[in-house]
Amino acid sequence: MNKNLLIIGASGHGKVVADIALKIGKWDSISFLDDNKNKKISMGLNVIGNTTRFVDYIKEYDIFVGIGNNKIRREIYNTLKQIGASIPTLIHPNSVIGSDVKVGEGTVIMAGVIINCCTTIGKGCIINTGSTLDHDNELENFVHLSPGVHLAGSVKIGSDSWLGVGSVVKNNIEIVENTTLGAGAVVVKDINEAGVYIGIPARRVK
């Protein structure tokens, strides 16, 4: 672990990541990289360069990818691993994490999240505000749960999937990788084909 933290992305998601990092209080300084040339300060923290410059900082900074898009987050994360960057995991102090929960590198868990026992979360995931995961869930790498997502017990979510705000998945369900759930969707049976699903019960629309 380094004394400084660099967050790639200074927009909405990156700012929430920075707020969590500030509350954790492990780093002497926190800065951003962002491609908006007009953005010099975000949340009172300095934007010190664009997102292509992270290689310049790997010796002095822990580096976290604060970008919501799963594909872009995966690409940058993989590059960081290849160059030997130190990538932290960020867990909001006001989340509740049960026993025997495993959380992968580069994942962020936000305020009000509840994760019950024996759940495994992969690398580079986003567990957004107020989401709940019951016992024995498995989230593969680079899954994004939007605010207020609720997973019952023994749910498996495939990699690079994005669950929209307020979506719900009943117990003993498997969702294949690269699946997107629309806001408020309710999943009551396995999803075996990647695509976009909406409604109650959730149905594939593309």
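Since this is a predicted model, take the numbers as computed values, not measurements.

Novice: Just give me the short version of the packing of aromatic side chains, but keep the residues and values in it.
Specialist: Across all of its chains, the model carries 2 aromatic pairs by this definition. Between Tyr 77 and Phe 142, the aromatic rings sit 5.4 Å apart at their centres with planes inclined by 75 degrees, giving edge-to-face as the arrangement. Of this pair, Tyr 77 sits in helix α2 (residues 70-82) while Phe 142 sits in the loop between β14 (138-139) and β15 (144-145), placing them 65 residues apart in sequence. A relative accessible area of 3% means that Tyr 77 is categorised as buried.

Novice: Tell me about the sheet that holds strand β2 (residues 29-33), residues and numbers included.
Specialist: Spatial strand order, β2-β1-β5: 3 strands in an open sheet with parallel pairing. Each edge of the sheet is formed by a strand with only one pairing partner; in this case those strands are β2 and β5 (61-65). Neighbouring strand axes in the sheet, compared pairwise and without regard to direction, differ in orientation by 25 degrees on average. Here strand β1 (residues 4-8) runs beside β2; their pairing, made up of 5 bridges, is parallel. If you follow Leu 6 over to β2, its bridge partner there is Ser 31. Packing of helix α1 (residues 12-24) onto the sheet brings it into contact with β1, β2 and β5, and relative to β2 it is tilted by some 170 degrees. Across the sheet, α2 touches β1 and β5, and the angle it forms with β5 is around 155 degrees.

Novice: I'd like a description of the side chain of Thr 119, backed by residues and values.
Specialist: Following the sequence through the fold, Thr 119 ends up in the loop between β10 (114-115) and β11 (120-121). Side-chain polar atoms of Thr 119 contact the backbone nitrogen of Asn 137, separated by 3.1 Å. Setting aside residues no more than four positions away along its own chain, Thr 119 makes contact with Asp 100, Val 101, Lys 102, Leu 133, Asp 134, His 135, Asp 136 and Asn 137.

Novice: Talk me through the UniProt feature "domain: PglD N-terminal" (unreviewed entry) in the chain; I want residue IDs and the actual numbers.
Specialist: Mapped onto the present numbering, the UniProt feature "domain: PglD N-terminal" (unreviewed entry) falls at residues 4-80. Helix makes up 31% of residues 4-80 and strand makes up 25%, while its end C-alpha atoms are separated by 16 Å.

Novice: Report on the nonpolar core, specifying residues and quantitative values.
Specialist: In this structure, Ile 127, Leu 139, Leu 145, Leu 151, Val 169 and Leu 181 are the most contacted members of the largest nonpolar core, which totals 25 residues. The residues contacting Ile 127, other than those within four sequence positions of it, are Val 108, Ile 109, Met 110, Val 113, Ile 121, Leu 133, Leu 139 and Leu 145. The next biggest cluster of nonpolar side chains, apart from the first, holds 17 residues, and it includes Val 17, Ala 18, Ile 20 and Leu 90.

Scoring rules and cut-offs
Residues numbered from 1 in each chain as written. Predicted model: local features only at pLDDT ≥ 70, side-chain atom pairs only at ≥ 80, totals over all residues. Heavy atoms only, no water. Phe/Tyr/Trp six-rings, centres within 6.5 Å; stacked < 30°, edge-to-face > 60°. Helix = DSSP H or I, 4+ residues; strand = E, 2+ residues; numbered from the N terminus. Buried < 20%, exposed > 50% of the residue type's maximum accessible area, 1.4 Å probe, protein only. Pairing = 2+ DSSP bridges. Axes fitted to C-alpha atoms, helices over the stretch in contact; angles between N-to-C directions. Contact = heavy atoms within 4.5 Å. Polar contact = N/O pair within 3.5 Å; in protein donor to acceptor, adjacent residues only side chain to side chain. UniProt positions renumbered as here; feature names shortened; annotations may be inferred. Core = buried A, V, L, I, M, F, W, Y, C linked by side-chain atoms within 4.5 Å.

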